[in-house]
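Single-letter residue listing:
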2 protein chains.
Amino acid sequence: MLANRLEYSAENCSIARTLEIVGEKWTLLVLREAFYGVRRFADFLTAIGCARNILSDRLATLVEHDVLERCSYREAGQRERYEYRLTAKGLDLLPAVVALMQWGDRYLADGQRPPVHITHRGCDAPVRAEIVCATGHRDLTAQQTTVSPGPGAIAK
Amino acid sequence: MLANRLEYSAENCSIARTLEIVGEKWTLLVLREAFYGVRRFADFLTAIGCARNILSDRLATLVEHDVLERCSYREAGQRERYEYRLTAKGLDLLPAVVALMQWGDRYLADGQRPPVHITHRGCDAPVRAEIVCATGHRDLTAQQTTVSPGPGAIAK
């Protein structure tokens with residue numbers, strides 16, 4: 001157990017702060033589609049199947065927090081439109097998205113058949129999200145790790 | 001982009017299914033505390049600071065989905081009580097929890113000071129969630145990966 005867990009505040013918890021931005025079902029589904037390469041409002045709408053106002057709201061939240069950027073484009077003979085692209089900050093959410101997906105693939109997929117494959121472009125091997133340590137030990141389990149207060153820990 | 005994204009259904013999406021179980025703020029905070037080693041109702045309540053009925057409800061959800069198990073214990077002179085422990089299925093959520101935390105540490109922590117450290121017991125080095133491929137390439141970015149329909153993909 002985190003030493004003296006109850007002596008520290010959770011007010012500045014990085015998990016809670018992340019969830020305030022992306023911890024809502026529709027927001028994370030928008031993010032999923034962005035990782036699949038979807039960029040246009042109409043395509044998000046088709047892919048996710050939510051109401052237009054929900055999609056507008058979630059896209060605005062992700063733009064506000066610099067997870068997506070809104071870029072204009074214009075096709076021949078059409079008015080100017082906007083598309084939404086992952087920023088560097090957004091792309092950095094890949095481990096979280098892959099980790100949620102692989103847990104679902106392992107425990108919740110019908111007949112253990114994953115609907116989506118993610119592979120490494122360089123060698124075509126499948127990828128996964130793993131816990132690794134700075135000296136190079138891989139695929140660590142919860143039992144192989146230990147938790148302690150960091151420099152930003154706030155005592156109660 | 002996932003080839004022909006819009007020709008496939010998202011109805012069996014493993015991310016959406018995972019979120020149906022753990023994609024709710026309080027549920028994920030219960031899970032966070034479980035990874036910190038919290039086991040008892042009163043300690044979850046103190047650590048999270050939510051209402052009792054919310055905590056009861058979220059613990060029940062996690063037990064129902066076999067993420068936590070409810071075990072009885074009795075201290076001398078006290079009535080039987082219950083504690084909640086992560087199952088193997090629950091422990092397997094570590095990469096998702098660490099990935100959400102490290103993104104928050106990187107982009108949302110006050111003064112870039114993480115409130116919590118997670119280290120590898122074997123060598124004390126800090127850990128992180130990374131995308132790795134089956135042949136051993138590490139720390140892959142979104143641009144280094146590609147997405148395609150898996151064996152469970154459902155055409156529309």
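Below: a short report on this structure. Only a predicted model underlies this, so the values are computations on that prediction, with no experimental measurement involved.

What follows deals with the overall build of chain A. Within chain A one finds six helices and five strands. Start at the N end of chain A and walk to the C end: the helices and strands fall as α-α-α-α-β-β-α-α-β-β-β. For 156 residues, the compact-globule formula gives about 15 Å, and the C-alpha radius of gyration of chain A, at 19 Å, lies well above that figure. Taking the principal axes of the C-alpha coordinates as reference, chain A spans close to 65 × 40 × 30 Å. The 156 residues of chain A split such that 51% are buried. Taking contacts inside chain A between residues at least 6 apart in sequence as the whole, the part at least 24 apart equals 45%.

Here we come to the nonpolar core. One finds A:L31, A:F44, A:L55, B:L31, B:F44 and B:L55 to be the most contacted residues of the largest nonpolar core, which totals 92 residues. In contact with B:F44, not counting residues within four places along its chain, are B:V30, B:E33, B:A34, B:V38, B:R39, B:G49, B:L55, B:L59 and B:Y84.

Now for the relation of the copies chain B and chain A. Both copies of the chain are placed relative to one another by a rotation about an axis and a shift along it. If you rotate chain B by 180 degrees and push it 0.0 Å along the axis, it lands on chain A with an RMSD of 0.0 Å. Read as a symmetry element, the transformation amounts to a two-fold axis. By residue overlap, the copies meet face to face through one surface: 100% of the interface positions of chain B are interface positions in chain A.

In this assembly, 90 residues from chain B lie in contact with 90 residues from chain A. For the pairing of chain B and chain A, the buried interface totals around 8200 Å² over both sides, and the portion due to carbon and sulfur atoms is 65%. Run the count over chain B and chain A and you get four salt bridges. The closest approach of N and O atoms between B:R106 and A:D92, which form a salt bridge, is 2.8 Å. When residues of the side of chain B that touches chain A are traced back to their parent elements, those giving at least two are α1 (14–22), α2 (25–35), α3 (41–48), α5 (88–91), α6 (94–107), β3 (116–120), β4 (127–133) and β5 (145–149) of chain B. At 14 residues, α6(B) tops the list of elements feeding residues into the side of chain B that touches chain A. When the residues that make up the side of chain B that touches chain A are grouped by side-chain class, the tally is 50 nonpolar, 23 polar and 17 charged.

Analysis parameters
- Residues numbered from 1 in each chain as written.
- Chains lettered and ligands numbered in written order.
- Predicted model: local features only at pLDDT ≥ 70, side-chain atom pairs only at ≥ 80, totals over all residues.
- Heavy atoms only, no water.
- Helix = DSSP H or I, 4+ residues; strand = E, 2+ residues; numbered from the N terminus.
- Rg over C-alpha atoms; globule rule 2.2 N^0.38 Å.
- Buried < 20%, exposed > 50% of the residue type's maximum accessible area, 1.4 Å probe, protein only.
- Contact = heavy atoms within 4.5 Å.
- Core = buried A, V, L, I, M, F, W, Y, C linked by side-chain atoms within 4.5 Å.
- Least-squares fit on C-alpha atoms with pLDDT ≥ 70 in both.
- Buried area = accessible area lost by both parts, 1.4 Å probe.
- Salt bridge = Lys/Arg side-chain N within 4 Å of Asp/Glu carboxyl O.
- Nonpolar A, V, L, I, M, F, W, Y, C, P; charged D, E, K, R; others polar.

All we've got here are geometric facts, nothing functional implied.
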